[in-house]
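# Chain and residue survey
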Amino acid sequence: MREYGATIDEGINSLNHAISIKPDYDDAMAYLNLLYRRKADTVASESEREQLIKMADDLIDKVKDIKQKRAELRN
């Protein structure tokens, strides 16, 4: 998995850029969540791994909030 580190980082940077342009871009957040989890599999430090997992979990919470707000606006 470590051989994909640069690719994972590139994906993270691209998705963060997309989210900076459109802060409610929930699809980008969902994919970023997955990349944070993959990156967590590649790091040696347990504290860094925990931090990445927390960042991924926080993104999922944001995605849920965005989707709920959109659903409320449709009704």
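Remember, it's a predicted structure, so these values are computed and weren't measured experimentally.

Procedures and definitions
Residues numbered from 1 in each chain as written. Predicted model: local features only at pLDDT ≥ 70, side-chain atom pairs only at ≥ 80, totals over all residues. Heavy atoms only, no water. Helix = DSSP H or I, 4+ residues; strand = E, 2+ residues; numbered from the N terminus. Contact = heavy atoms within 4.5 Å. Salt bridge = Lys/Arg side-chain N within 4 Å of Asp/Glu carboxyl O. Buried < 20%, exposed > 50% of the residue type's maximum accessible area, 1.4 Å probe, protein only. Axes fitted to C-alpha atoms, helices over the stretch in contact; angles between N-to-C directions. Parallel < 35°, antiparallel > 145°, perpendicular 65-115°, else oblique. Left-handed = near helix turned anticlockwise from the far one by under 90°. Nonpolar A, V, L, I, M, F, W, Y, C, P; charged D, E, K, R; others polar. Phe/Tyr/Trp six-rings, centres within 6.5 Å; stacked < 30°, edge-to-face > 60°. Lys NZ or Arg CZ within 6 Å of the ring centre and 35° of its normal. Expected span 1.5 Å × (residues − 1). Arc of directions from axis to C-beta.

Positionally, L59 belongs in helix α3 (residues 46-74). Linking L59 and M29, residues 30 residues apart in sequence, is a C-alpha distance of 6.0 Å. Excluding residues within four positions of it along the chain, L59 makes contact with M29, L32, N33 and Y36.

Glancing now at the pattern of salt bridges. For side chains of opposite charge, pairing can occur when their charged atoms come near one another. Summed over all chains, the structure comprises eight salt bridges. For K67, the salt bridge goes to D26, with nearest N and O atoms at 2.8 Å. Of this pair, K67 sits in helix α3 while D26 is found in helix α2 (residues 26-40), placing the two residues 41 residues apart along the sequence. Here R38 and D41 are joined by a salt bridge, their closest N and O atoms 2.9 Å apart. Overall, D41 belongs to the partly exposed group, its relative accessible area being 38%.

Right, let's get into the packing of helix α1 (residues 5-21) against α2. Contact geometry of α1 with α2 gives a least axis separation of 9 Å together with a crossing angle of 155°. As the angle between them shows, α1 and α2 are arranged roughly antiparallel. The element α1 and its partner α2 pack so that their crossing is left-handed. Listed contacts from α2 to I8, D9, G11, I12, L15, N16, A18 and I19 of α1 are A28, M29, Y31, L32, L35, Y36, R38 and K39. Taken together, the residues of the contact of α1 with α2 sort by class into eleven nonpolar, two polar and three charged.

Summed over the entire model, instances satisfying the criterion amount to zero aromatic pairs. Against the face of Y25 rests K22, its NZ or CZ located 5.5 Å from the ring centre.

Our next topic: α1. Taking 1.5 Å as the rise per residue, α1 with 17 residues should run 24 Å; its terminal C-alpha atoms sit 25 Å apart, in good agreement. For α1, the set of buried residues is G5, I8, G11, I12, L15 and I19. The buried residues of α1 occupy an angular sector of 125° when projected down its axis, which confines them to one face. Facing away from the buried surface of α1 by more than 90 degrees, the exposed residues are A6, T7, E10, N13, H17, S20 and I21. For α1, the secondary structure elements touched by its buried residues are α2.

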